[in-house]
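Here is what each chain is made of, one letter per residue.
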Amino acid sequence: MQAKVVAHRDFSVSKIDDRLYGSFLEHLGRAIYGGIYEPGHPSADEDGFRRDVLDLVKDLNTPCCRYPGGNFVSAYNWEDGIGPRSERPVRLDLAWRTRERNQIGVNEFVDWCKKANTAPMLAVNLGSRGLDAARNFLEYCNHPGGTYWSDLRRKHGWASPHDVKLWCLGNEMDGPWQVGHKSAYEYGRLADETAKAMRGFDPSLELVVCGSSHSDMKTYPDWEATVLTECYDSADYISLHMYFANRERDTLGYLAKAEKLDRYITTVGGVIDYVKAKKRSKKTIGISFDEWNVWYHSNQQDKEILARNEWPDAPHLLEDVYNFEDVLQVGGILNTFIRRSDRVRIACIAQLVNVIAPIMTQDGGPAWRQTIYYPLYFASKYGRGTALRLVVDSPTYDCDEENDVPYLDVSAVHDEEANALSFFIVNRHMTDALDLDARLEGFGAAHVVEQVSIRHDDLNATNTASEPEKVAPVRGGDAKIEDGRLRATLKPLSYNLIRLSV
């Protein structure tokens, strides 16, 4: 079975924003406590942060990290997480029915970000709170000194401002499950006024308003149209969220859900253009896809934990153990973001450690890479540059999710500075290899630098503490350049990276 691709140097989608490979940490489960922060751990540094986790995060080279939520933020008082730890209150978190000890707050998180070589992306509470708390939070974080809130930060031991530039105005405010859920009009008005107040402090801030929590919401896409009508001029991005599951145990249907993601982005892009035209605006709002991942493996366990009504501290919630099949799904999601990087400027995998995450830890024990770590790692490392607009001719299949789904899922990124061209490829076919024939136009001489594949005979194979590399990349293959064409054999149900020097 053959699939053909044309990659032309001059036919591009967009320069990729590095923040397409962002991440997310919420005060949920063991993401913070037992994830990034475990003072008694053998690898803990002087601030209680796990060095083994930091090393894995730094390898991902994630440019930004969203915090502190998520559903958690919609009833969060940011002031609870500052000042001496012994004086911080213990609160009940209504979102996840747990207790929050507030031993990590914004100052500690910013310190962790510096160690992890990432930038903070902070969210303000527009559920139970509003404009006033948001502007105070901003002043506490970013003002040098000489005011109440900035001097309080200095008193707490952080003399220099954090200079956080990227802010989320609430979280999933379209969701009835959200504390402080609002109608689109109510939220749009609040977001607009909050944005204007924050810009009064610093016009250069980048502000993200809430879009739909997923594309099956009853209010979608009217929500986007209404919200953007109210706050288009004051916002920079609108957020989208989407999670993926294979509850039907249908691999082909599961992998086709990346096509639904593409349609979601296309629709919201159309809404953005509609409001832009209505406003007679020169500005194009971007999409911040600041929650995405596979999430379904832990659902039953989570129901059982929450049903106990015990309000535990940092329980094992949302701890999906990812399998090889999920590698293919995550690879397809990342390919979609690369192909739609003209619209999607920021994306945050949800989440980073333990909670539906590429990194897993044991309390007091090791940290390891889950299977989905690898496609994120390769995309983040080699997916910087310009996304190319490929012409693809691939055999297709039909399923309950979509029709005419290509077996070849491919994206390509040209890094002009490094003279590199990287192809990220998923073969979705269950049994057949794909013979790739990719014609290279406008690149001159090329040669294969590296070929990497991830494949396992067992779709349910997982990485664990005892077998941390059961599913892992393998280098090598038959990729070659012949007459200006890249030719390679792609094994069935495989994730592939092919890097060229051009």
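The preceding data block contains the structure.
Residues numbered from 1 in each chain as written. Predicted model: local features only at pLDDT ≥ 70, side-chain atom pairs only at ≥ 80, totals over all residues. Heavy atoms only, no water.

Q: Got a minute to help me understand the overall build of the chain in this structure?
A: A tally of regular secondary structure across the chain gives eleven helices and 26 strands. For 502 residues, the compact-globule estimate of 2.2 N^0.38 gives 23 Å, and the C-alpha radius of gyration of the chain, at 23 Å, lies within 12% of that figure. By principal-axis analysis of the C-alpha atoms, the chain measures approximately 70 × 60 × 45 Å. Here the chain, with 502 residues, has 60% of them falling under the buried criterion. (Helix = DSSP H or I, 4+ residues; strand = E, 2+ residues; numbered from the N terminus. Rg over C-alpha atoms; globule rule 2.2 N^0.38 Å. Buried < 20%, exposed > 50% of the residue type's maximum accessible area, 1.4 Å probe, protein only.)

Q: When you look at the sheet that holds strand E16 (residues 391–393) in this model, what are you seeing that I'm missing?
A: An order of E16-E1-E21-E25-E24 is seen for the five strands of this open sheet, with the pairing classed as mixed. A strand with exactly one partner marks an edge of an open sheet, and here the two such strands are E16 and strand E24 (480–482). Direction aside, the axes of adjacent strands within the sheet are offset by 20° on average. Direction of pairing for strand E21 (residues 434–441) relative to strand E25 (residues 485–490): antiparallel, over a ladder of six bridges. Residue pairing in the sheet places leucine 436 in a bridge with alanine 488 of E25. (Pairing = 2+ DSSP bridges. Axes fitted to C-alpha atoms, helices over the stretch in contact; angles between N-to-C directions.)

Q: Which parts of the structure should I look at to understand the environment of valine 268?
A: Following the sequence through the fold, valine 268 ends up in helix H8 (residues 257–279). Sequence separation of valine 268 and serine 501 is 233 residues, and the distance between their C-alpha atoms is 36 Å. If near-sequence neighbours (up to four positions away) are discounted, valine 268 is found in contact with Tyr220, Glu224, Ile238, Leu240 and Ile287. (Contact = heavy atoms within 4.5 Å.)

Q: It is not clear to me how the side chain of asparagine 71 should be interpreted in this structure. Could you clarify?
A: Inspection of the secondary structure puts asparagine 71 in the loop between strand E4 (64–67) and strand E5 (91–93). Given a relative accessible area of 16%, asparagine 71 falls into the buried group.

Q: Would you mind going over the sheet that holds strand E10 (residues 237–244) with me for this structure?
A: Pairing between the strands of a sheet comes from backbone hydrogen bonds, and it takes one of two forms, parallel or antiparallel. Taken in spatial order, the eight strands of this closed barrel run E3-E4-E7-E8-E9-E10-E11-E12, and their pairing is parallel. Put simply, the sheet's adjacent strands are angled 30° from each other on average, direction ignored. Of the pairings in the sheet, the one linking strand E8 (residues 166–169) to strand E9 (residues 206–210) comprises four bridges and is parallel in character. Paired with cysteine 168 across the strands is valine 208, a residue of E9. Strands strand E7 (119–124) and E8 of the sheet are contacted by helix H3 (residues 131–142), whose axis makes an angle of about 155° with E7.

Q: Would you explain the packing of aromatic side chains in this entry?
A: The geometry of an aromatic ring pair comes down to the distance between the two centres and the angle between the two planes. What the rule picks out here adds up to 21 aromatic pairs. Centroid distance phenylalanine 137 to tryptophan 167: 5.4 Å. Interplanar angle 90°. Geometry classified as edge-to-face. Placement of the pair is phenylalanine 137 in helix H3 and tryptophan 167 in strand E8, with a sequence separation of 30 residues. For the pair phenylalanine 137 and tryptophan 167, one class covers both residues: buried. (Phe/Tyr/Trp six-rings, centres within 6.5 Å; stacked < 30°, edge-to-face > 60°.)

Q: Explain the packing of helix H1 (residues 51–60) against helix H2 (residues 106–116) here, please?
A: Between two packed helices, the angle of one axis relative to the other and the distance separating the axes together describe the packing. At a minimum axis distance of 9 Å, the contact between H1 and H2 shows a crossing angle of 60°. By the criterion of interaxial angle, the relationship of H1 to H2 is oblique. For the pair H1 and H2, the contacting residues are Leu54, Val57 and Lys58 in the first and Trp112, Lys115 and Ala116 in the second. Classifying every residue of the contact of H1 with H2 by side-chain character gives four nonpolar, no polar and two charged. (Parallel < 35°, antiparallel > 145°, perpendicular 65-115°, else oblique. Nonpolar A, V, L, I, M, F, W, Y, C, P; charged D, E, K, R; others polar.)

Q: Please clarify how the side chain of aspartate 437 should be interpreted in this entry.
A: Mapped onto the elements of the fold, aspartate 437 is located in strand E21. Judged by relative accessible area, aspartate 437 falls into the buried class, the value being 7%. Polar contacts involving the side chain of aspartate 437 include one to the side chain of arginine 485, which spans 3.0 Å. Residues within four places of aspartate 437 in sequence aside, it is in contact with Gln2, Ala3, Lys4, Val5, Arg485, Leu486 and Arg487. (Polar contact = N/O pair within 3.5 Å; in protein donor to acceptor, adjacent residues only side chain to side chain.)

Q: Looking at this model, I keep getting lost on the pattern of salt bridges. Mind explaining?
A: Think of it this way: side chains of opposite charge can pair up when their charged atoms draw near. Evaluation of the coordinates by the stated rule reveals 45 salt bridges. For the salt bridge of glutamate 450 with arginine 499, the shortest nitrogen-to-oxygen distance reads 2.9 Å. One end of the pair, glutamate 450, is in strand E22 (residues 447–454); the other, arginine 499, is in strand E26 (residues 494–501), and 49 residues separate them in sequence. Accessibility assignment for this pair places glutamate 450 and arginine 499 in one class, buried. Several salt bridges converge on common partners, so that one network encompasses Asp45, Glu46, Asp47, Arg51 and Lys115. (Salt bridge = Lys/Arg side-chain N within 4 Å of Asp/Glu carboxyl O.)

Q: For this particular structure, what's the right way to read helix H6 (residues 222–231)?
A: Counting along an α-helix, one turn takes 3.6 residues, and residues three or four places apart therefore face a common direction. Taken together, the buried positions of H6 are Trp223, Glu224, Ala225, Val227, Leu228 and Cys231. Elements in contact with the buried residues of H6: helix H5 (184–201), E9, E10 and H8.

Q: Even after reading the chapter, I still don't get the nonpolar core, so can you show me in this structure?
A: Considering soluble globular proteins, one finds that nonpolar side chains tend to be buried as a cluster. Core analysis: the biggest nonpolar cluster contains 153 residues, and Trp112, Trp167 and Phe289 have the highest contact counts within it. Sort the elements by how many residues they give to this core and helix H10 (residues 324–339) lands first, with eight residues. Contacts of tryptophan 167, omitting those with residues within four sequence positions, involve Leu122, Val124, Phe137, Leu138, Cys141, Asn142, Met198, Leu205, Glu206, Leu207 and Val208. (Core = buried A, V, L, I, M, F, W, Y, C linked by side-chain atoms within 4.5 Å.)

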